[in-house]
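Here is what each chain is made of, one letter per residue.
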Amino acid sequence: MGRAPGGTGPATSEHLRRKVVATIMCGMVVMGGRRTQLLRGVLDLCLLAVMGEGPAYGYEMTKRLAARGLSIVGEGSIYPLLGRLERDGLVDTYRAGSNGGPPRKYYSLSEKGKRALASGVAEWRETRDAVDTVLGLVTVEVTS
Amino acid sequence: MSRFVDACRKEWNRLGVPEPVANEMAADLAADLAEAEAEGAAPENVLGNGVFDARSFAASWATARGVVPREHRTGMQRRWRAAMAVASGAVSFVAGVVGLAILGHGQQGSMAAVAFSKPTRVPLLGPRSVPINPQLPGRLLLFHGGAVAALGVILLGVGLVGLGFTLWLWKPWTTWRRRGGFDESVGLPSYL
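We now turn to the structure provided with this report. Predicted, not measured: the structure shown is a model, and the values here were computed from it.

### Description of the overall build of chain B
Item 1. For chain B, the helix and strand inventory stands at six helices and three strands.
Item 2. Reading chain B from its N end, one meets helices and strands in the order α-α-α-α-α-β-β-β-α.
Item 3. Taken over 192 residues, chain B has a buried fraction of 27%.
Item 4. Across chain B, the fraction of contacts at a sequence separation of at least 24, relative to all contacts at a separation of at least 6, is 69%.

So this is what it looks like as structure tokens:
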């Protein structure tokens, strides 16, 4: 951008190449960051939702999320979030064996957790509908 | 992945997480990782991007659970607390010993003196103030009889109160994080 258009050939080419790479990387970071931010706001609700299907231990919940297309690979771990849910009294826990394996810590919804899930889902739907109203009809032509 | 679990355990130990809690977290983590490995899944499936930084992962998990003692929030706070405890302990010890010595000798009718570089008054104890040297501004406070005993009692009291303060500073169990006080300083935002 700061270079004169009539600069030397190799230098201009290198400059352009760097600019393109920087733009692509910046886009990747922004997109990845947005997904992380979006998930951060609702992952606790997703965990409460999969717990609502029945008690589960940590990895089991990850698998339930993945089965619905929500992979945490590249995102934060669910363990700190489970810790926070436990601390806030939104889940009940107990230890039990799992298919002959070592005892695992099972998480299930507490009454407080059920209420939090209900209000959180209502909030999510309201937000999603509002955002859809804004973004749902957007069509953008991108020229390279 | 046992190295990952070991690194987490080391971090929990450093943060002062109680051993039973650390053992429980380590066992859960090891079991989940073993199950993922048996199913051919990558550790990232269990840990997300936490797999790249065991220490941050361990710290954020323990912090979110509320099992990190408050004084472990930052190294600076920990060092400040330790320095305060040492200083308080030393002052308390000296005050207590001097107080005991004064009380021991005060009963035999001795006299205590405190020199000040500037003219001063200590009306509560009723000492007699005399100039150190007529040419100089300094004064000497002389404590007799009951005043000496009072001084000893005060110093002994200061020593005992200081000792209590030192124990409070040193005592880790007074600083357990309470529910609702989420500590943002240890947990890294990338781990939710």
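### Some details on the nonpolar core
Item 1. With 39 residues, the main nonpolar core has L47(A), M51(A), A58(B) and A62(B) as its most contacted residues.
Item 2. Among the elements that take part in this core, helix α4 (residues 54-65) of chain B stands out by supplying seven residues, more than any other.
Item 3. Contact partners of A62(B), with chain neighbours within four places excluded, come to W12(B), L15(B), V17(B), V67(B) and V68(B).

### Focus: the packing of helix α1 (residues 2-15) of chain B against α4(B)
Residue and element names in this part refer to chain B.
Item 1. Remark: α1 packs on α4, axes separated minimally by 8 Å, with the N-to-C direction vectors making an angle of 55°. Considering the angle they form, α1 stands oblique to α4. Relative to α4, the crossing made by α1 is right-handed. Contacts between α1 and α4 involve F4, A7, C8, E11, W12 and L15 from the first element and A54, R55, F57, A58, A59 and A62 from the second.
Item 2. For the contact of α1 with α4, the class distribution of residues is 10 nonpolar, no polar and two charged.

### Side note on helix α3 (residues 79-87) of chain A
Residues and elements named next belong to chain A.
Item 1. Counting buried residues in α3 gives seven out of nine residues, a clear majority hidden from the surface.
Item 2. What α3 keeps buried is the set Y79, P80, L81, L82, G83, R84 and L85.
Item 3. Just beyond α3, the residue with positive phi is G89, at close to 75°.

### A word on the interface of chain B and chain A
Item 1. Contact residues are listed per partner, giving 24 residues for chain B and 22 residues for chain A.
Item 2. Those elements giving two or more residues to the side of chain B that touches chain A turn out to be α2 (19-38), α3 (44-47) and α4 of chain B.
Item 3. Counted by class, the side of chain B that touches chain A contains 10 nonpolar, eight polar and six charged residues.

### Overview of α2(B)
Item 1. Compared with the 28 Å implied by 1.5 Å per residue over 20 residues, the 28 Å span of α2(B) between its first and last C-alpha is a close match.
Item 2. For α2(B), the full list of buried residues reads A22(B), M25(B), D28(B), L29(B), D32(B), L33(B), E35(B) and A36(B).
Item 3. On its buried face, α2(B) sits against α2 (58-67) and β2 (104-109) of chain A together with α1, α3 and α4 of chain B.
Item 4. At the C-terminal side of α2(B), G40(B) shows a positive phi close to 80°.

The rules behind these values
- Residues numbered from 1 in each chain as written.
- Chains lettered and ligands numbered in written order.
- Predicted model: local features only at pLDDT ≥ 70, side-chain atom pairs only at ≥ 80, totals over all residues.
- Helix = DSSP H or I, 4+ residues; strand = E, 2+ residues; numbered from the N terminus.
- Buried ≥ 20, exposed ≤ 12 C-beta atoms within 10 Å, placed from the backbone.
- Contact = placed C-beta atoms within 7 Å.
- Core = buried A, V, L, I, M, F, W, Y, C linked by C-beta atoms within 7 Å.
- Axes fitted to C-alpha atoms, helices over the stretch in contact; angles between N-to-C directions.
- Parallel < 35°, antiparallel > 145°, perpendicular 65-115°, else oblique.
- Left-handed = near helix turned anticlockwise from the far one by under 90°.
- Nonpolar A, V, L, I, M, F, W, Y, C, P; charged D, E, K, R; others polar.
- Expected span 1.5 Å × (residues − 1).

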